[in-house]
Amino acid sequence: MDLTNYIFGVAEWLGIIAFSISGAMLAVERRFDLFGVITLGVISTLGGGIIRDLLLGQTPPRFFYNYRYVLVSALISVAVFAVAKRVSGKNNSLGIGEKLLKLNMIFDAIGLGAFTVTGVQAAMDFGHEKNAFLCISLGVITGIGGGVLRDMMSQRAPAILVKHIYAVAAIIGAILYYWLFIMAIDQRICLMAGMVSTVVVRLLASHYRWGLPKAY
Amino acid sequence: MDLTNYIFGVAEWLGIIAFSISGAMLAVERRFDLFGVITLGVISTLGGGIIRDLLLGQTPPRFFYNYRYVLVSALISVAVFAVAKRVSGKNNSLGIGEKLLKLNMIFDAIGLGAFTVTGVQAAMDFGHEKNAFLCISLGVITGIGGGVLRDMMSQRAPAILVKHIYAVAAIIGAILYYWLFIMAIDQRICLMAGMVSTVVVRLLASHYRWGLPKAY
Amino acid sequence: MDLTNYIFGVAEWLGIIAFSISGAMLAVERRFDLFGVITLGVISTLGGGIIRDLLLGQTPPRFFYNYRYVLVSALISVAVFAVAKRVSGKNNSLGIGEKLLKLNMIFDAIGLGAFTVTGVQAAMDFGHEKNAFLCISLGVITGIGGGVLRDMMSQRAPAILVKHIYAVAAIIGAILYYWLFIMAIDQRICLMAGMVSTVVVRLLASHYRWGLPKAY
């Protein structure tokens, strides 16, 4: 139980850090001001966990019991803002934008993987361990929730709809974490496997632009 | 009680099928790839029921206990995608687009009617039978919830705001279902009356473009 | 306790009235028809309170027990529509649009302040009085929730992201209300202080265009 809590905490913090960076970067790109950047950073970070806890009936959501989540997310957003300001003064070439998009995508993938794992684990902690479908679904929704909220608020088509194999990466990570956990594998391995598989699938799909058919 | 469950199940399945088709069609039109089509189909289908259960305090929402909902919704989305691909190869005239919009609207109306009924019934099952306002409101929110989510995610102004008499159709269906149920009418009749009235009002309003005033 | 209920009720009604006007005005500007105006007025009004109650685990949300909230919100929306129709016939100069935006902003600020206070109070009523972070966060989310929903539904970037010091105004009001309440100050004073501080900070920031840095 202590180990479970520890693993859960590690994954949650990883997700918070990664989504804060990703949300703040998007807000900078959208030219929001400092508070807009902080707000989008915080909301895209807390969104997934709040949705997860609401779906489980854990009210008030866990994030409300720990001010450090919001504090860290806000500080990271400020840091992203400061770096962006510095970089934008020095260099204005087009290459930067391309690199930033790729960087943002990597952090988004890490957040996706980390929160997916927390969603599966939270469902199991709530006694739904035997319901594989519930645990995996909740993992996926937790993983994609914050990003969907972030994209909808910044008037962008949600990544899960347009990006290559976004939801699929979360599904793979969730299944792997759940299956290894049920097999009584060391939880640290479950965590690594669930997260890394999500991130790798997501990045490979993006890098090789794994083509999926379109109707038109 | 068995009959109630049966009626509830029928309405829920009808809503799932209709909203899957409607969501997937919209995604095809927006030129999302195959996974985007499946994702929007599934989300617009499950959105209404998840919102309904969250509002009632039924956590985790019922959809998480039944993988068949997601499976059927995903399969229907794939089928819509396949048909769209086939049709788009053969025929590219403008008339098709017009007809598809109308078809999409019909399925959306059926989903609206079916989910509205499940919302009213779920509220009554939870012991709120004497609170007419609650039952009817919950019916309307369940009916419109999935569609609102679908439209917001695909960056379209929600149908309830711009389409002729959208929310009103759900209100009429919810009132009719509630009222007939309270009058102890056979539930199969309640279901038909609630659903059909919603669909008919919605389609009539759309066909005759029942004009509502605008301020400008 | 009676006084608490009274204060809570006053703030809630103020928020309902203010957000109904603000939501309906936005819908008129977007050229929605009469039902679209009513729908956006009602949703932006009830959104904040429903989100608040869901986060607290108060299901079904309190709004479902009182049809008068919806009724008043709908009537106000109709009134806004009627006034807009009358004004638009008489005067079509550009100056009007500017003034309306300012008026809309004032009502939005009042709604923000009022709902923020109800969020803090609701969290305390639920026994979370000693958790300052939870009470204040819930206040802020309740305050901004309806507006975020309104803006996302009308395809506008949410005010909290782009407007000068929007979330900050809610945070200040929430902290002030919570702190005065804990100091056992007369609740009528807490209410006034929490609301007025939010509205004043918001309006001052808007009027003087308190500049916040942007990264680019």
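Throughout this document, residue positions are counted from 1 along each chain, in the order its sequence is written. Chains and ligands are labelled by the order in which they are written, letters from A for the one and numbers from 1 for the other. Confidence filtering applies because this is a predicted model: local features only for residues at pLDDT of at least 70, side-chain atom pairs given and counted only at 80 or more, and all residues used for totals across whole chains, interfaces and linings. Only hydrogens and water are set aside when side-chain values are computed; all heavy atoms of the structure are taken into account.

**Topic: the overall build of chain A**
Secondary structure elements follow DSSP: runs of H or I of four or more residues count as helices, runs of E of two or more count as strands, with numbering from the N terminus. Secondary structure assignment for chain A yields eight helices and zero strands. Listed by position from the N terminus, the elements making up chain A come as α-α-α-α-α-α-α-α. The C-alpha atoms of chain A give a radius of gyration of 17 Å, which matches the 17 Å a tight globule of 216 residues would have. Counting only C-alpha atoms and orienting by the principal axes, one finds that chain A spans roughly 55 × 45 × 30 Å. The buried label applies to any residue whose accessible area, calculated with a 1.4 Å probe on protein chains only, is under 20% of its type's maximum; exposed applies above 50%, and partly exposed to all values in between. Scored against the burial criterion, the 216 residues of chain A give a buried share of 57%. Long-range contacts, defined as pairs at least 24 residues apart, comprise 75% of the intrachain contacts of chain A with a sequence gap of at least 6. Put simply, chain A shows about 9,000 Å² of open surface, and 68% of that area lies on carbon and sulfur atoms. Here chain A carries 18 positive and 11 negative side-chain charges, and the mean point of each set is 10 Å from the other. Each radius of gyration is computed over the set of C-alpha atoms, and the globule rule expresses the reference value as 2.2 Å times the number of residues to the power 0.38. Between two residues, a contact is recorded if the distance between any of their heavy atoms is within 4.5 Å. Reported accessibility uses the Shrake-Rupley method at a 1.4 Å probe radius. Residues are deemed covered only where the shown protein chains occlude them. Residues scored as charged are limited to Lys and Arg (positive) and Asp and Glu (negative), so that His and the chain ends carry no count. To locate a charge, the coordinates of NZ of Lys, CZ of Arg, CG of Asp or CD of Glu are taken.

**With respect to the relation of the copies chain C and chain A**
Here the copies are matched by least squares. The fit uses the C-alpha atoms of residues with pLDDT of at least 70 in both. Of the transformation placing chain C onto chain A, the axial shift is 0.0 Å and the rotation is 120°, giving an RMSD of 0.0 Å. The transformation just described matches what one would write down for a three-fold rotation axis. Little of the interface of chain C is mirrored in chain A: 11% of its interface residues are interface residues there too.

**Thoughts on the UniProt feature "domain: Glycine transporter" (unreviewed entry) in chain A**
In this structure's numbering, the residues bearing the UniProt feature "domain: Glycine transporter" (unreviewed entry) are residues 11-84 and 106-180 of chain A. The straight-line gap between the two end C-alpha atoms of residues 11-84 of chain A is 27 Å; of that span, 81% is helix and 0% is strand. UniProt positions are given in the numbering used here, feature names are shortened, and annotations may be inferred rather than shown by experiment.

**A short note on the interface of chain B and chain A**
At the interface, 29 residues of chain B touch 27 residues of chain A. When the buried surface of chain B facing chain A is broken down by residue, Asp33, Phe64 and Met153 of chain B rank first, second and third, together holding 26% of it. In what follows, salt bridge is the name for a side-chain nitrogen of Lys or Arg lying within 4 Å of a carboxyl oxygen of Asp or Glu. One can count zero salt bridges joining chain B with chain A. Two N or O atoms count as a polar contact when they lie within 3.5 Å, although within protein this holds only if one can serve as hydrogen donor and the other as acceptor, and sequence-adjacent residues are included solely when both atoms are side-chain atoms. Taken together, the connections running from chain B to chain A amount to one residue pair in polar contact (both at pLDDT 80 or more). Looking at the side of chain B that touches chain A, the elements that each hand over two or more residues are helix H2 (34-56), helix H3 (67-90) and helix H5 (132-153) of chain B. No other element matches the eight residues that H2 of chain B contributes to the side of chain B that touches chain A. Residues were grouped as follows: Ala, Val, Leu, Ile, Met, Phe, Trp, Tyr, Cys and Pro as nonpolar; Asp, Glu, Lys and Arg as charged; and all remaining residues, including Gly, as polar. Grouping the amino acids of the side of chain B that touches chain A by side-chain chemistry returns 20 nonpolar, six polar and three charged. By buried area we mean the combined loss of accessible area, with a 1.4 Å probe, across both parts when two parts are placed together.

**Thoughts on the pattern of salt bridges**
The full count for this structure, using the stated rule, is 21 salt bridges over all chains. One salt bridge connects Arg150 of chain A with Asp151 of chain A, and the closest N-O pair in it is separated by 3.0 Å. By relative accessible area, which is 0% here, Asp151 of chain A ends up buried. A salt bridge links Arg52 of chain B to Glu12 of chain B, with the nearest nitrogen and oxygen atoms 2.9 Å apart. In this pair, Arg52 of chain B is assigned in helix H2 and Glu12 of chain B in helix H1 (residues 2-29), connecting sequence segments 40 residues apart. Taking relative accessible area as the criterion, Arg52 of chain B reaches 0% and is therefore assigned buried. What makes Glu12 of chain B buried here is its relative accessible area of 0%. The network of salt bridges with common partners includes Glu12, Arg52, Asp53 and Arg62 of chain A.

**Overview of the relation of the copies chain B and chain A**
Taken as rigid bodies, chain B and chain A are interconverted by a rotation of 120° and an axial shift of 0.0 Å, the fit giving an RMSD of 0.0 Å. Both copies present different contact surfaces, since only 10% of the interface residues of chain B are interface residues in chain A too.

**Notes on the interface of chain C and chain A**
With 28 residues of chain C in contact, the opposing surface of chain A contributes 30 residues. Interface area for chain C against chain A, summed over the two sides, is near 2,600 Å², with a carbon-plus-sulfur share of 73%. The largest contributions to the chain C side of the interface with chain A come from Phe133, Leu161 and Tyr216 of chain C, which together make up 29% of the buried area. Put simply, chain C and chain A have zero salt bridges between them. Scanning the region where chain C abuts chain A turns up one residue pair in polar contact (both at pLDDT 80 or more). Only helix H2 (34-56), helix H5 (132-153), helix H6 (159-162) and helix H7 (167-182) of chain C provide two or more residues apiece to the side of chain C that touches chain A. Counting residues per element, the side of chain C that touches chain A draws most heavily on H5 of chain C, which supplies seven residues. Broken down by class, the residue content of the side of chain C that touches chain A amounts to 21 nonpolar, five polar and two charged.

**Regarding the UniProt feature "transmembrane region" (unreviewed entry) in chain A**
Feature annotation in UniProt places "transmembrane region" (unreviewed entry) on residues 6-27, 34-55, 67-84, 105-124, 130-149, 161-179 and 185-205 of chain A, given in this structure's numbering. The annotated region residues 185-205 of chain A carries 90% helix and 0% strand content, and the separation between its end C-alpha atoms amounts to 28 Å.

**Describing the confidence of the model for chain A**
In low-pLDDT segments, the atomic positions of the prediction should not be examined closely. Per residue, pLDDT measures the predictor's confidence, with a range of 0 to 100. Scored by pLDDT, chain A comes out at a mean of 87, with 94% of its residues at no less than 70. Mean pLDDT in chain A bottoms out at helix H6 (residues 159-162) of chain A, which sits at 77, and peaks at helix H7 (residues 166-182) of chain A, which reaches 94.

**What to know about helix H8 (residues 187-207) of chain A**
Residues and elements named next belong to chain A. Each residue after the first adds 1.5 Å to the expected span of a helix. The end-to-end C-alpha distance of H8, which contains 21 residues, comes to 30 Å, matching closely the 30 Å that a straight helix rising 1.5 Å per residue would cover. For H8, the complete set of buried residues consists of Gln187, Cys190, Leu191, Gly194, Met195, Ser197, Thr198, Val199, Val201, Arg202, Ala205 and Ser206. With a side-chain oxygen lying 2.8 Å from the backbone nitrogen of Arg188, the N-terminal cap of H8 falls on Asp186. A positive phi of about 45° marks Arg209, the residue just after H8.

**Regarding the environment of Ile76 of chain A**
Residues and elements named next belong to chain A. Within the secondary structure layout, Ile76 lies in helix H3 (residues 67-90). When its relative accessible area of 17% is taken as the criterion, Ile76 is described as buried. Those residues in contact with Ile76 that sit more than four places away from it in its chain are Ile17, Ser20 and Ile21.

**A short note on the nonpolar core**
Formed by 205 residues in total, the largest nonpolar core has its most connected members in Ile160 of chain A, Ile160 of chain B together with Ile160 of chain C. Among all residues touching Ile160 of chain A, those that are not within four sequence positions of it are Ile144, Val148, Tyr166 and Ala167 of chain A together with Gly36, Thr39, Ile43 and Met153 of chain B. Grouping buried Ala, Val, Leu, Ile, Met, Phe, Trp, Tyr and Cys residues that are joined through side-chain atoms within 4.5 Å yields what is termed a nonpolar core.

**Points about the packing of aromatic side chains**
Stacked, edge-to-face and tilted labels apply to pairs of Phe, Tyr and Trp rings (six-membered ring for Trp) whose centres lie within 6.5 Å, assigned for plane angles under 30 degrees, over 60, and everything in between, in that order. Inspection of the entire model under this criterion finds 15 aromatic pairs over all chains. Judged by centre distance (4.8 Å) and plane angle (75°), the rings of Phe63 of chain A and Tyr69 of chain A are edge-to-face. For the pair Phe133 of chain B and Tyr67 of chain C, a centre-to-centre distance of 6.4 Å together with 70° between the ring planes defines the contact as edge-to-face. With Phe133 of chain B in helix H5 and Tyr67 of chain C in helix H3 (residues 67-90), the pair connects residues from two separate chains. Judged by its relative accessible area of 48%, Tyr67 of chain C is partly exposed. Members of the aromatic cluster, joined through ring pairs, are Trp13, Phe63 and Tyr69 of chain A.

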